[in-house]
Amino acid sequence: MLSYPPGGCLVHVVSVMNYKGGVGKTTLTANIAAETANLGHRVLVIDLDPQANLTLSFYTTTEWQEELRENRTIKRWYDGDSPGQKVPLAELVVTPPRVNERIQDTGGRLDLIASHLGLIDIDLQWERSSTAATTSTRRPENIFLCMTAWPTHYRHRSSATTTSS
């Protein structure tokens, strides 16, 4: 659960998905996010694509390798036996400087949770851990996580809602 500042706030969630490649998902997402921030809103973009092209829209490859790759990507959240239990999403949020320098006078802000090339096998890793959990004494769990954009004044309490089946 995420807590918001006193008085609450309005949150809009936008997801851009399509199984076909080359249809403009990354370009559309980057431009909607940047323009929304430019209009004075706070935007959080979460790049879940293993190709990390959305991340690389806001950071150079060198910046990603030197500043983000090891500890500041969504892959870190997925790592471990229980994704999301050890690493709060708030620890992964970065603020791309070049974008935010351009919009600083608008009152808006664009934040990002960066992707990682290592996400390419994440579905297989989850399947293996799910199979192992089913055959062990642990009960299988379903983890539901919905996120795309929320204000930057958030504090992380729990990264996912978990229910037992």
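Let us look at the structure shown here. (Residues numbered from 1 in each chain as written. Predicted model: local features only at pLDDT ≥ 70, side-chain atom pairs only at ≥ 80, totals over all residues. Heavy atoms only, no water.)

1. Considering the nonpolar core
Within soluble globular proteins, side chains that are nonpolar generally end up buried alongside one another. Ranked by internal contacts, the top residues of the largest apolar core, which has 16 residues, are Val45, Phe58, Tyr59, Leu68, Leu110 and Leu112. Breaking this core down by element, the ones donating at least two residues are α1 (25-38), β2 (42-46), α3 (61-68), α5 (97-103) and β3 (109-113). Here this core takes three residues from α1, the largest share from any one element. Those residues in contact with Leu112 that lie beyond four places of it in its chain are Leu44, Val45, Asp47, Thr55, Phe58, Tyr59, Leu92, Val93, Val94 and Pro96. In this structure, Val87, Leu89, Ile113 and Ile122 belong to the second largest nonpolar core, which totals 12 residues. (Core = buried A, V, L, I, M, F, W, Y, C linked by side-chain atoms within 4.5 Å. Buried < 20%, exposed > 50% of the residue type's maximum accessible area, 1.4 Å probe, protein only. Helix = DSSP H or I, 4+ residues; strand = E, 2+ residues; numbered from the N terminus. Contact = heavy atoms within 4.5 Å.)

2. Here's the deal with α1
For α1, with 14 residues, the first-to-last C-alpha span of 20 Å sits near the 20 Å given by 1.5 Å per residue. Of the surrounding elements, those touching the buried residues of α1 are β2, α2 (55-58), α5 and β3. A positive phi of about 100° marks Gly40, the residue just after α1. (Expected span 1.5 Å × (residues − 1).)

3. Section: the pattern of salt bridges
Applying the stated criterion to the full structure yields five salt bridges. Here Glu70 and Arg69 are joined by a salt bridge, their closest N and O atoms 3.5 Å apart. Here Asp79 makes a salt bridge to Lys75, at a shortest N to O gap of 3.1 Å. The class of Asp79 is partly exposed, set by a relative accessible area of 36%. (Salt bridge = Lys/Arg side-chain N within 4 Å of Asp/Glu carboxyl O.)

4. A look at the pairing of β3
For a regular strand, side-chain orientation follows a simple rule: the groups alternate between the two sheet faces. β3 sits mainly inside the fold: four of its five residues count as buried. With five bridges joining them, β2 and β3 adopt parallel strand pairing. By the bridge assignment, Val45 is partnered in β3 with Leu112. (Pairing = 2+ DSSP bridges.)

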